[in-house]
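# What the coordinates show
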Amino acid sequence: MNIKRWFGLSKEEADILEKMFKEEISALKKLDASARSKKELVFPIESVTGMSSEARKAINDTIRLLNQEILTEQDTFRLVEVMKNREQGDNLTDKILRYIRRELEEDELWKNLRDVLNEQQSIVSQNLSQDGLSRLKESIGKELHILSTVETITKQEHSELHAHFTNTVPVPHLFGILCDLAVKRPEYLEKRIKKVEADMYPRDAKALRLIVKRIQDGDSKVKLQKELEELIEVKYEHREFAGFMKKDAILRPLWSVMTKQEGTTEALYQMGIESYNHGITYIEARYTTNVEGLRSFNAAQEKLDSENIPVKLKYIIILYMYNCDIDGFMTEVVRMKHEEPDLFRKFVVGIDYIGIHESADDEYTAEADLRRISKLGLNITTHVGEYFEGDIQRAAGLDKYKSIERVLRNVEICVDAHRYGVKRLGHASILGVNLKSYFSGEEMDEWDVQKLVDWQKRIAKKVKDFGIVIESNPTSNMRILTLETMKRHPADSMIHEHGLKVTVNTDDKAQFRTTLQKELYRLASALNLKNSELQKIIDEGKRARLANL
């Protein structure tokens, strides 16, 4: 947590203040409930010079709240609950509370819960039959495993290998852009919203207009930010890709601001700050071919470095094969490298080939495209096998069987292109789908289904033999595919049946309202992963960084 950013202090002053908080919280954790209820927090803020009156008042308010509302309670959960229920505004007191809550919640809450569960087992077991005791132990054992999993996750340094820049920027920053446009450039904003409306999303355009109107009328920004977050979220009912694209369109009025150099720099910086707060120290952000974007990466990195935030930004250049001239793309990449050779070498780690899963005849061009772009000398990752039934497939005139057949062919093309520099596959969900269950109830010859199953296994073996890594995105996969529960996530089969190297990522963090830690936790708890398996996924995220390959 960067206290310096809250108060406008110098680095030395911020370090002193943060040390005070940590020492007091550490002392509090060591006390038993009785002693804790009598202790008062004391922060000698007088020793921090040059602090604004606003900051000094905020700290004193926080101390008062902690002492009066929380420490009189003999309940170690009370601190967390008070702060969870407290309406979060934008003032400094709330920011300090969130900081302290995070410190206690991450380091202490899980330990307390484990102690409670163990105590519960000890007390209740005296009055249970042997069968009841076994069930209780099994239930508590699962809870303890999940808690252990959470501890394993939160204490790691993580890599984010699959993050689309424009959809990964923190929602508070997006909301800030929207507020700025609503007040300073309302005509421009309306013009951009009309574009969303023209793209056949009138209901969402109307909802966005309503938020803008309420911003202009001075409504609560806390509530409006939550409404924006809900508006752009890809929910469970948006199971076809069009549902994702519909939510994608709502962000377009804000993209035009973010994609200007100054806007890109600030958005990347905000993304770096939020990522670091969730344990991420390395981010491969996907962005279009853009020299100005390269300069923005550098400016954002310099800003992070100046504040001693140990996050490394890396640039993956997106190639949209379905609307891009390969010659033009390659020319632009060469231009980036020529104009900014040092920055290109420092930040650009690869190319993301997107779109092979979106048209009926793309298999005829993909191999040639991948061979050509390999001449740029960059590592390649591909979006492939992400979805295989729905609106796009129907538009291409494909039935269920032909759709799976085509997607498997596309995945195999990308896997065989490892000789051209393909190191990772984005999503590749089809490799972990149980195809026999998928076609259950269909009027099909079993032999035809078995041919697809055998083909899937052969491709998975190639992936394993070539050392290609899968970029899995649990919530994204679940909501774009037709998965009723995370327990059916393809990563289960990828890991346990095919033995593939799997990483966990967020994909479009703002739209799926998630974090990398949440994604790891959801997958680990749903698939009942052992801690060693979870650790392997985390470690694979570090090994599979394109900057290392």
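Read on for a plain summary of the structure. (Residues numbered from 1 in each chain as written. Predicted model: local features only at pLDDT ≥ 70, side-chain atom pairs only at ≥ 80, totals over all residues. Heavy atoms only, no water.)

### Regarding the overall build of the protein chain
A count of helical and extended segments in the protein chain gives 27 helices and eight strands. Across the 549 residues that make up the protein chain, the buried fraction comes to 53%. Across the protein chain, every contact between residues at least 6 apart in sequence was considered, and the portion connecting residues at least 24 apart equals 77%. In the structure as shown, the protein chain presents an accessible area of about 25,100 Å², 48% of it carried by carbon and sulfur atoms. (Helix = DSSP H or I, 4+ residues; strand = E, 2+ residues; numbered from the N terminus. Buried < 20%, exposed > 50% of the residue type's maximum accessible area, 1.4 Å probe, protein only. Contact = heavy atoms within 4.5 Å. Areas by Shrake-Rupley, 256 points an atom, 1.4 Å probe, with all protein chains shown as cover.)

### Concerning the sheet that holds strand β5 (residues 379-384)
Judged by pairing direction, the sheet is parallel, and its eight strands sit side by side in the order β1-β2-β3-β4-β5-β6-β7-β8 without closing on themselves. Looking at the sheet topology across the chains shown, the edges are occupied by β1 (158-164) and β8 (501-504). Mean inter-strand twist for the sheet, computed between neighbouring axes without regard to direction, equals 25°. Of the pairings in the sheet, the one linking β5 to strand β6 (residues 422-427) comprises five bridges and is parallel in character. Its bridge partner being in β6, I380 is matched across the sheet by V422. Sitting on the sheet, helix α15 (residues 291-306) touches β2 (280-287), β3 (312-320) and β4 (348-354), and the angle it makes with β3 is about 160°. (Pairing = 2+ DSSP bridges. Axes fitted to C-alpha atoms, helices over the stretch in contact; angles between N-to-C directions.)

### Some words on the packing of helix α20 (residues 400-416) against helix α22 (residues 446-466)
With their axes 10 Å apart at the nearest point, α20 and α22 run at an angle of 20° to one another. The orientation of α20 relative to α22 falls into the category roughly parallel. As α20 packs across α22, the resulting crossing turns out to be left-handed. Contact residues: α20 offers Y401, I404, E405, L408, R409, V411, E412, V415 and D416, while α22 offers D448, V449, K451, L452, W455, Q456, I459, K462, V463 and F466. Here the contact of α20 with α22 is built from residues that sort into 11 nonpolar, one polar and seven charged. (Parallel < 35°, antiparallel > 145°, perpendicular 65-115°, else oblique. Left-handed = near helix turned anticlockwise from the far one by under 90°. Nonpolar A, V, L, I, M, F, W, Y, C, P; charged D, E, K, R; others polar.)

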